[in-house]
Each structure stands twice: as C-alpha cells, then as structure tokens.
Amino acid sequence: MKVSRRELMKLDRIEMPARDPLERAACFDEVNIGLTPEEATVEAMRCLHCKTPTCIDGCPVNIQIDQFIDRVAMGDIRGAADVIRLDSLLPAICGRVCPQEAQCEGACVLDKKHKPIAIGHLERYVADTIRTYGLEPPVEHVEPSGKSVAIVGSGPAGLACAADLAKSGHRVRVFEALHKPGGVLIYGIPEFRLPKSIVQSEIDGLKELGVEFEMNAIIGRTITMEELLTEEGFDAVFVGVGAGLPRFLNIEGENLIGVYSANEFLTRVNLMGAFHEDTETPILDLTGKRVVVFGGGNTAMDSARTPLRLGAKEVRVAYRRTEAEMPARVEEVHHAKEEGIVFDFLVSPLELLGDDDGWLTGVRLQRMELGEPDDSGRRRPVPIEGDVFDLDADVVIVAIGNSPNPLLPATEPHLKQTRWGTLEVDESTGRTTMPGVFAGGDITTGGATVILAMGAGRVAAASINEYLETGVWDREANEELETAGV
Amino acid sequence: MYPILEAESIAPDVRRIVVEAPKIAKKHRAGQFVIVRVTPEGERIPLTIAESDPAAGSITLFVQAIGRTTRLMSELEAGDCLVDVAGPLGRASEINRYDGVAVVVGGGVGTAIAYPIACALAAKGNRVIAIIGGRTKEYVLLENELRAHDIEVIPCTDDGSYGRMGFVTEALADVVADEEVGVVFTIGPVPMMSAVADVTRPSEIETVASLNPIMVDGTGMCGGCRVEVGGETKFACVDGPEFDAHEVNFRLLQRRNTSYRAFETGQLSSLESLDHEHHEQLLAPVRGACARRAMS
Ligand SMILES: Cc1cc2nc3c(=O)[nH]c(=O)nc-3n(C[C@H](O)[C@H](O)[C@H](O)COP(=O)(O)OP(=O)(O)OC[C@H]3O[C@@H](n4cnc5c(N)ncnc54)[C@H](O)[C@@H]3O)c2cc1C
Ligand code: SF4
Ligand code: FES
C-alpha cells in the first residue's frame, strides 16, 4: 500500500516516552526511556524521503539521514546502523545529546508546518538496538602499519580520532589526565541524560580495536608534548583536551562556601559518584536546600536538575536573556520545567551574599531588558536601572561556560594559541603550528558540541593518515595561517 | 596501580610512603604535588611530593591520618598499591640564591612538605634554617634528615618536651631579630602560616606559603581550590600551590577548608566504627596487589 505525501504529513510525531517527572527527579535513572520497535517504525514511516533531504545539510557530519530512516522503516536496523556508521561514530551518545532542533530536525522540511521527524530518537533507537543485541560488526583484522599515534584527552574528539586511526592499523595510545576516560561525557553530562554504561561500551569497543589507554597522564606535566614525539616515539599526536577551564562571574562573594563552578559540582557527582550513599567524595548536603544556577546552556540545565536529585527543595535558573536565546537543548529545558525547576529570565547577578562565617546565604540580582542587537545579532540585555532584588540561596552553581584549559598550551611553546586561548589549527586538516601535532574539539573551537568534537577528531584522523603515509607536513597551510595573522 | 615500595610510621599518625611512579619521579621539582586515590571508589586527595628518586623511579609521600582516605592510606604496607597517582602538579618552588639566610618554617606534617624546599635552598648555596614545630617531641619530623643536608634546625614543641617550648612563630621572630633573613617559606596548618606572615610583614621579608585548599582534579578544571591572593582569585592547583604569604587571604582559606567538616566527621566515625575486617574489605583491591614488585 502506497501512502501519499499528504496522508503521511497528517501523522503525528511519536513522542519519546519519558519517566514520570516526580519519580525521575528523585533518582539518577535515564529520563528518556527509548522508542519501542513499533514506535520507531511508525516514526520512520513518516519520513517523506525528500528528493533533496535538507536534514542532511543540517547534520554537522552529514549522516545519510533519509537512508538510515528508510532502513528503520523496513525493520532493517543493522542496515540503518551501517548507514550511520559511514559518517558518525558514537550514535548512541549523539542521538541523546545533539541539539537536533538546531541541526537535522531544524532542517527537516516537516519542521515548518508540522513536527519534524524525530531523527535523534531514531538514531538512538538504532544504536541502542545494536548494542543491546550485540549486533556490532566483528572487528576487522587490519595489517599493522608500524606507525603509532598519541591521543591527548579522551573526550569525544579523542575517542573518534582513536577509533579511525586504530582501524587504519596504527598503534594508538590515549593519554588522559583524569582517572577515567570519556571527558565531558563522563564527568560533565549526568547519568540521567547519558548513562555511563553507554560511554563505557564505546571505550570497551575501542579497547577491542587495540587502542591503549593511559590514565593519570597529564600531558605537559607527566609527559611533555615534545617527549611524546621523541622519547615516547609517537609518529603523530592528536590534542583533544577540551575546554575545561570554568569561567566565574567575577563578582563579590564568589568564594563563599556554597558557590560551585558547574565543573566542580558535576565532577563531584558524576565522576566521583558523590550521589552514592557510601561515597567517599563529599558534596554539600542539598537536602531541603535552595539552589540558584547561573547560565542558560546544557551545563546549566544539568547543574539545575542534578541538585533536585540530591534532595534540593527549590532550584532556580537565572539567565541574562530570555528563553528564546537559551543555548540549551529544547528537550532539556522542557524536562527541567516538568521537573519543577523555576526559570528567572532577564536577570544578571550583582553580588553573592554571605553570613559572618563565610557561607552563602543569597544572591543579589539585577533585572534586565533586551536592547539593541549585539555583534552576534542577538539583542543585548541591558540593566533596568534600580530594579534590583535578592533571592535566598544555600548553593549557587556557576554555569556560564568554560574556556580552553591553558595547562597544555602553556607548557608547549610551539603550539600557538588564538587570543581566545584556543589552539590555532588549519580547520580542514586539524594541523597545529607544531609539526606532527593535530588538534580538534573544544580545544580548537571553545565549548561547542559532542558531534562537532567527534567530527573534528575524524577530520584530524584522515589528515594524520595522510601525514603518516606521505611524511609531508603541509607547511603552506601553516604559513598561510601565520601571514593571515590568525 | 602504583606499587608501594616502602611504608613506615615516622610519628604517631604520620606515615612515610614510597611509591613507584617513574614518570612523576623524573619530572618532580620541589614544591609540586600529586593527586592520589587509595581505593577504586576513593576520593582524589592532593599530597605533596617530599622526595623523588628518578633512578629508582619512585616518589616519597608523607601522609597524616586525619580523614577517612588518609586513614585508609596509612594502613597500607609495602607490596600494596595506590589505585591512582597523578602528577607532578602545581608550579615548582622558585629557588633562588639569597643574600640573607633562608628560613623554612614547617608545622607537623608540613615539615615533610618543607623538607624538599629546604634541601633545594641548601643545594643552591643558601644558608638554611629550618624551624620545625610539633605538639610534642614525637611530632617533630625529619630533624636528622634536615641536619644531614647541613641545615640548621630549631625544633619547637608546644609542651616543651623537646627543643624550644612554644610556637614556631616565636622562634622565627628571634631569627628575624638576630639575622638578615632573605626569604621565609612556610608550610603547615593555616593559622600557623598566617601567623608566620604576620611576623615577617613589618620587615617586608619575602615570605612564601604553600597552600592546602580542598582540591578535586588538581589540573585547573574545577575551581574548587580557589584562594584569594592580593584580592584576586587564583586556582591553587595550577597558579600555586605557593603564593606570597603577605597577600594571601588566610581567613578565607581556613573557612573554605571547613566546607565539608560535617561530612568528614561522619565519614571518620563511620570508618572508626568498622572493625579490622571491614577495613581489610575496603582495602582488599589494593592489598598485596603489587607484592612481587616491592620485593624485587
Ligand atoms: C555539563 C555539560 C553538558 C554538555 N551537554 C552537551 C549536550 O547535551 N550536547 C552536546 O552536543 N554537547 C554538550 N556539551 C559540550 C560537549 O560535551 C563538548 O563540546 C565535548 O565534550 C567536547 O569534546 P572534546 O573531546 O573536545 O573535549 P572533552 O570532552 O572536554 O575532553 C577532554 C579530555 O581531555 C582531558 N585533558 C585535558 N587536559 C589534558 C592534558 N593536559 N593531558 C591529558 N588529558 C587532558 C580532560 O580531562 C578530558 O577528559 C556539554 C558540556 C558540559 C560541560
Ligand atoms: S528532511 Fe525530514 S522528511 Fe525529508 S528526508 Fe529528511 S527527515 Fe525525511
Ligand atoms: S583542584 Fe580543580 S581547579 Fe584546582
């Protein structure tokens, strides 16, 4: 039976089943439950198979979306996974954390008048099915190339780069500063949004490919960049150290007890397991407490929803602009609201208030209104004179963004930085200003997304392959960069 | 896993632990520290590297059993392992040649931390005086080791059971009065470092304190270790741990260090309520895990 385009367009988008808001806000179980095979099939059948699938242009790594959805509709999940694998690694992760509304789904033709195809949910469905039933293709034997590559940092950029290089037959060793691999996927994004077992299975997959992992290796301290290329004998290095330096507000009271950076708060909970009853890592007791989170991105949403799960009585998100400007994924904002998080828009922190013993007691906020558009085209918030108010708070979490961590660049003079502290690279090859050294992910873009980091890791892997084969370090590209004064 | 090669008690509740960590041993310079995890689910704690032996590939740590993690660590013996040792972290001490005498003031286990700095100062050709304090005689650490490096030692005890009776700051005030002092390094409890800074402030003697805030990663990614120096916020793990003692906001440091007091007290009492067998259960994953290496 052939269904007409018009008929198809009448079908409603299948919504992702989620745990009850009250129930889930009291535990760390994953919020989204995942589509059933029937739901996935029906949702996939809604796809119009456009002649020019705009969704693909919206995808940062150009997954053949119409193709994989077609396989899902036919029940060929293995085939769907094969299509995704051509362009993307880590689909179980990206299906969960990509800002689909700004990428593939935002570009889907159905987005305008109807609801776009749930591309992210389908991607997740495919990846989860493959993982659950162990349908991954067997590891192919490749002839060892005799070359070796060091990967610095085990976030999505490093993991993706490692995977491609291992598949090309190189010996690959990942060096990670922390005691567990995964980067932000492990220490930043909470369990209820991205189960750690999924990240772990990606890492296990890499180990099966022969990738080695060395933890507690702070490159620049434990081993220098120079040593990786000399004494340690690597033929090339990929730097994917992320943007891990927390920004603070630089206002009075920021060092009061009870003020956390999002990184510290989330690391204590996610990496160190401070939510377990028998934890050894402390976190301030949040039972019955009031929490204020500053910021409007995914980190802010994670920083707001985690305290609820640790017993906080009230959590508010204070954001300088309006909901429309919030960089967070729409789904996270929606979930946060369902869970009872209160949003204060158009407010900016003036001061953090404390008691005589140095503990936080509240925040002083300035009300803002939207003024003229700034360089980014967004209307700039400006203070409304005299409109200042206080909120009680026991804990404040500052989630206004991270900068590139200066530790590694500071210890390697050959790596040039931009004035934002990111590493200077040739974008199409990931080549840095140091011969043999490539970089990608948040360390070159500033805080961005998992999919962009993964994409950059793969671009660099291709470029590393070429470099290892030809031995030619494309100096021209570097000189161009230099003369352009970037 | 990082094998423990030697472990011994050098004072009540203070253990000297030598760990195999060749890469760290090779890089270590005085003033730097490592982040250690004792058990597979353990917290990350910073410990100063007291000594390193690049040839043997080992580093020496001193640990005072004050919390749950340090208590468990103190129960480890040669042949056991530490789960994680990451470093060397922080900036190295700036060791210069001074016209006046270089004074190192250490309190309790702080003496162990001051030890490599004192040695480095002596190696640079400075005359070095170490003022080391402890509650009683048993808590005065490393006196002989310091003397072996031609360092003059002024031991002080609170109760007068050994050396000078009274605080290290009194001894320091006398040295400052009698000698031309080029630099003072101070490491120990926050009130002691604050008092040392007060002694040297009037005469504007260069004074360096090694700060011990709460840390998580030790690499500059959490900001939990923030301290205030000269009115500016710094991350002690990457900007420090040593700072100009006259500019440090010690009151803030002291306060921030109490953030988790309730949690820590609870943990310690829960640990104390456990019997020997339970302790062994906690330590089982690291017990004897590296026995063969320690013997060879
Ligand atoms: C709380 C939070 C939530 C987020 N949510 C989303 C989301 O929903 N969707 C999305 O797309 N993106 C999200 N992001 C952004 C996304 O996680 C990052 O863009 C992405 O992880 C960047 O990947 P990366 O590989 O460049 O670096 P990272 O993931 O930051 O990994 C870098 C790794 O390098 C290690 N490292 C650093 N320095 C050294 C050194 N000197 N030596 C050795 N190792 C080192 C670090 O410890 C870390 O493990 C979120 C970020 C945060 C913090
Ligand atoms: S744009 Fe939307 S409807 Fe068209 S192919 Fe892509 S997912 Fe299907
Ligand atoms: S310990 Fe985390 S930034 Fe210093």
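Residues numbered from 1 in each chain as written. Chains lettered and ligands numbered in written order. Predicted model: local features only at pLDDT ≥ 70, side-chain atom pairs only at ≥ 80, totals over all residues. Heavy atoms only, no water.

### So, the pairing of strand β5 (residues 58-64) of chain B
Residues and elements named next belong to chain B.
Line of reasoning, step 1. Counting buried positions over the 7 residues of β5 gives 6, a clear majority of the element.
Line of reasoning, step 2. Judged from the 7 bridges that link them, strand β2 (residues 14-20) and β5 form a sheet pairing that is antiparallel. Following the sheet pairing, V14 is matched in β5 by Q64.
Line of reasoning, step 3. Strand direction decides the pairing type here: strand β4 (residues 45-53) and β5, joined by 4 bridges, are antiparallel. The partner of S52 across the bridge, within β5, is I59.
Line of reasoning, step 4. Taking the residues that link successive antiparallel strands as the turn, the β4-β5 hairpin has 4 residues, and the phi of G57 there is positive, at about 70°. (Buried < 20%, exposed > 50% of the residue type's maximum accessible area, 1.4 Å probe, protein only. Helix = DSSP H or I, 4+ residues; strand = E, 2+ residues; numbered from the N terminus. Pairing = 2+ DSSP bridges.)

### Let's talk about the packing of helix α5 (residues 168-178) of chain B against helix α6 (residues 190-200) of chain B
Residues and elements named next belong to chain B.
Line of reasoning, step 1. Taken N-terminus to C-terminus, the directions of α5 and α6 make an angle of 20°; their axes are 10 Å apart at the nearest point. On the basis of their axis angle, the class for α5 and α6 is roughly parallel. Of the two elements, α5 crosses α6, and the hand of that crossing is right-handed. Listed contacts from α6 to V168, T169, L172 and A173 of α5 are M192, A195, V196, V199 and T200. (Axes fitted to C-alpha atoms, helices over the stretch in contact; angles between N-to-C directions. Parallel < 35°, antiparallel > 145°, perpendicular 65-115°, else oblique. Left-handed = near helix turned anticlockwise from the far one by under 90°. Contact = heavy atoms within 4.5 Å.)

### Thoughts on the site of ligand 1
Residues and elements named next belong to chain A.
Line of reasoning, step 1. V97, A157, E176, R193 and D442 are the nearest of the 34 residues found near ligand 1.
Line of reasoning, step 2. Between ligand 1 and the protein, one listed contact pairs an oxygen atom with a backbone N or O atom of A448 at 3.3 Å.
Line of reasoning, step 3. With respect to ligand 1, the backbone of T449 contributes an N or O atom lying 3.3 Å from an oxygen atom.
Line of reasoning, step 4. Elements with a minimum of two residues in the shell around ligand 1: α11 (156-167), α16 (298-309) and α20 (450-470).
Line of reasoning, step 5. Its residues assigned to classes, the shell around ligand 1 comprises 18 nonpolar, 11 polar and 5 charged. (Near = heavy atom within 4 Å. Polar contact = N/O pair within 3.5 Å; in protein donor to acceptor, adjacent residues only side chain to side chain. Nonpolar A, V, L, I, M, F, W, Y, C, P; charged D, E, K, R; others polar.)

### Here's the deal with the domain arrangement of chain B
All names here are of chain B.
Line of reasoning, step 1. According to the domain assignment, chain B consists of domain 1 (2-89 + 261-295) and domain 2 (101-211).
Line of reasoning, step 2. Relative to domain 2, the C-alpha centre of domain 1 lies at a distance of 26 Å.
Line of reasoning, step 3. Contacts between domain 1 and domain 2 engage 12 residues on the former and 11 residues on the latter.
Line of reasoning, step 4. Buried area between domain 1 and domain 2, summed over both chains or domains, comes out near 1000 Å², and the portion from carbon and sulfur atoms is 75%.
Line of reasoning, step 5. If you sort the residues of domain 1 by the area they bury against domain 2, P12, T48 and F62 come out on top, with a joint share of 38%.
Line of reasoning, step 6. On the surface where domain 1 and domain 2 come into contact, there are 0 residue pairs in polar contact (both at pLDDT 80 or more).
Line of reasoning, step 7. At the level of elements, β1 (2-11), β4 and β5 are the ones that each hand at least two residues to the side of domain 1 that touches domain 2. (Domains from an automatic or database assignment. Buried area = accessible area lost by both parts, 1.4 Å probe.)

### So, the packing of helix α15 (residues 262-271) of chain A against α16(A)
All names here are of chain A.
Line of reasoning, step 1. Remark: α15 packs on α16, axes separated minimally by 10 Å, with the N-to-C direction vectors making an angle of 50°. Of the possible angle classes, the one that applies to α15 and α16 is oblique. Viewed along their axes, α15 and α16 form a crossing whose handedness is left-handed. Contacts from A262, F265, L266 and V269 of α15 reach α16 at T299, D302, S303, T306 and P307.
Line of reasoning, step 2. Counted by class, the contact of α15 with α16 contains 5 nonpolar, 3 polar and 1 charged residues.

### Concerning the interface of chain B and chain A
Line of reasoning, step 1. At the interface, 43 residues of chain B touch 43 residues of chain A.
Line of reasoning, step 2. For the chain B face of the interface with chain A, the top three residues by lost area are K23(B), M221(B) and Y260(B), together amounting to 19%.
Line of reasoning, step 3. Across the contact surface, chain B and chain A share 5 salt bridges.
Line of reasoning, step 4. A salt bridge links K26(B) to E227(A), with the nearest nitrogen and oxygen atoms 3.7 Å apart. (Salt bridge = Lys/Arg side-chain N within 4 Å of Asp/Glu carboxyl O.)

### Quick word on the sheet that holds strand β2 (residues 171-175) of chain A
Residue and element names in this part refer to chain A.
Line of reasoning, step 1. With respect to topology, 5 strands assemble into an open sheet ordered β3-β2-β1-β4-β15, the strand pairing being parallel. The open sheet has two edge strands, β3 (212-214) and β15 (437-439), and neither has a second partner. Along the sheet, successive strands turn relative to each other by an average axial angle of 20°, direction set aside.
Line of reasoning, step 2. Examined bridge by bridge, strand β1 (residues 148-152) and β2 share 5 bridges and lie parallel to one another.

### Considering a negative patch on the surface
Line of reasoning, step 1. On the surface, E94(B), E206(B), D244(B) and E247(B) cluster together into a patch of negative charge.
Line of reasoning, step 2. Topologically, D244(B) is positioned in strand β16 (residues 242-244). (Patch = residues over 30% accessible without salt bridge, like charges linked within 9 Å, V, L, I, M, F, W, Y side chains within 5 Å. Areas by Shrake-Rupley, 256 points an atom, 1.4 Å probe, with all protein chains shown as cover. Lys, Arg positive; Asp, Glu negative; His and termini not counted. Charge placed at Lys NZ, Arg CZ, Asp CG, Glu CD.)

### Brief notes about the sheet that holds strand β9 (residues 342-345) of chain A
Residue and element names in this part refer to chain A.
Line of reasoning, step 1. Across the sheet, 5 strands lie side by side as β6-β13-β7-β8-β9; this open sheet has parallel pairing. Edge positions in the open sheet fall to β6 (259-261) and β9, since each of these has one partner strand only. Recorded for the sheet is a direction-independent mean angle of 20° between the axes of neighbouring strands.
Line of reasoning, step 2. Pairing of strand β7 (residues 290-294) with strand β8 (residues 314-319) involves 5 bridges; the strand directions are parallel. When the bridges of β8 are listed, F294 appears paired with A318.
Line of reasoning, step 3. Across the face of the sheet, α15 comes into contact with β6 and β13 (395-398) while running at roughly 85° to β6.

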